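Summary of structural features
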Amino acid sequence: MIQNKIIAMYFPQFHEIAENSQWWGNGFTDWNNVKEGTPQFDGHYQPRVPLNGNYYDQSELSTIQWQIELAKKYGIYGFCHYHYWFDGKQLLEKPTDLMLANKQLDFPFCLSWANETWSRRWDGRDNEILIEQTHPANKESWKKHFDYLIHFWKDSRAIKVEGKPVFIIYRPQYINSINEMIEYWQTLARESGLPGIYIIHQQSFELPNQKTLKSFDAVFHFQPAMAIQSQRKKSLLLSKLSLLNVFRLLPEKIQDFIRAKKTKLRGKVIIHDYDSIWQSIISLEPDPNLTTYPGCFVDWDNAARYKNRATVYYEASPKRFEYWLTKLFDTISVRKLPENFIFLNAWNEWSEGAYLEPDEKHQYAYLEAIKNALSNQSKMK
């Protein structure tokens, strides 16, 4: 039987860049948010503290080496690095470029283009733009991006499906002429000696226009967002679902403005039940038209960023995580996937409580849960 391959989302925001210092204060990294986490109710686990106070710097090669060694030890197959590209302008690319430049970092990887406009969302000011994602629909812009990405796609460590390097796109609905862009990239990839590129949508909800994904090979369920979407779909009236679809067709700036107003009015913590969300993950149906890879999550608690407007998944624990991950593994064989990829949120998204790295409370228990689930699956085979 095919081995289950856990690909953990990798968050590169733990090193200083000039832009973050300008926007958020001198020397800012996402550790600033993590350290400022405060409990929002009795028993709330905040702030999250890395084991032995390991507030690492991802601009240092030793940090990347440590993360890879730890991931390999506990059975993680590879990392999916978030990639921030704004028509040639990059942000937070240092860890990914270190990965590419240092071949001794023997670990599979791929990239996910997090192609959203950046705003002051953490402050509840979604409509205050920091850097805008414009997605110009011309071959000059597409070629500029391709010329950067091809170095990763041709690397021997690139995660592949049927010989094609994997590339993931977070918000395809925002990209002008996306299918034309992908077809152009496919032509350039073949001219460069690759058999093509394997394009996956990182799916948080059902897109209102399915034609957006015409040139995609697959989707993966980004969790817990897709599970929440599934639960909401079951509970909302048809009229509200239609309204939601209309909202998602609006330009990104207008969506951000509406979201900011809604969040400001809410002003309270939303709590979800961990087991209930995981049950929805197990039950999610695949996309009828595209190969659908499952997703999962460790924990989720973004109070470090959103304070009293946070979303928290209550009663997460290493034991519950191991139980549900094993259940998810049990569904893999019937999915008939070309590769048994499971996309996990996340390796190190500390400010959203989604991380496998050891912390002061659980130490290595979440990593042990991964190792145990993989080991149990192997014994069953």
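Refer to the structure above for everything that follows.
The structure presented is a predicted model; accordingly, all values stated were derived computationally and were not measured.

The subject of this paragraph is the overall build of the protein. Scanning the protein from terminus to terminus reveals 13 helices and 17 strands. For the protein, the residues scored as buried account for 57% of the 381 residues in total. On the protein, roughly 16600 Å² of surface is accessible, and the fraction owed to carbon and sulfur atoms is 49%.

The step from Q223 to P224 runs through a cis peptide bond, and the omega angle for that step is 10°. By the secondary structure assignment, P224 is in the loop between β10 (218-221) and α7 (225-235). With an omega of 10°, the peptide bond running from N345 to A346 counts as cis. By the secondary structure assignment, A346 is in the loop between β15 (341-345) and β16 (348-349).

The next subject is empty space enclosed by the protein. Applying the stated criterion to the full structure yields 5 cavities of 30 Å³ or more. In this structure, the largest cavity encloses a volume near 100 Å³. If you trace the largest cavity, you find 13 residues lining it, with W85, W113, H135, P136 and W142 closest to the centre. When residues of the lining of the largest cavity are traced back to their parent elements, those giving at least two are β2 (78-86), α5 (139-153) and α6 (178-191). Here the element with the most residues in the lining of the largest cavity is α5; it accounts for 3 residues. When the residues that make up the lining of the largest cavity are grouped by side-chain class, the tally is 8 nonpolar, 4 polar and 1 charged. For the lining of the second largest cavity, the elements supplying multiple residues, two or more each, are β2 and β3 (89-91). At 3 residues, the largest contribution of residues to the lining of the second largest cavity is made by β2. Residues that form the lining of the second largest cavity fall into these classes: 6 nonpolar, 3 polar and 1 charged.

Conventions we followed
Residues numbered from 1 in each chain as written. Predicted model: local features only at pLDDT ≥ 70, side-chain atom pairs only at ≥ 80, totals over all residues. Heavy atoms only, no water. Helix = DSSP H or I, 4+ residues; strand = E, 2+ residues; numbered from the N terminus. Buried < 20%, exposed > 50% of the residue type's maximum accessible area, 1.4 Å probe, protein only. Areas by Shrake-Rupley, 256 points an atom, 1.4 Å probe, with all protein chains shown as cover. 1 Å grid on protein atoms, 1.4 Å probe; cavity = no way out; pocket = protein on both sides within 12 Å on 5 of 7 lines; lining within 4 Å. Points joined across faces, edges and corners; volume = space filled by probe spheres on them. Nonpolar A, V, L, I, M, F, W, Y, C, P; charged D, E, K, R; others polar.

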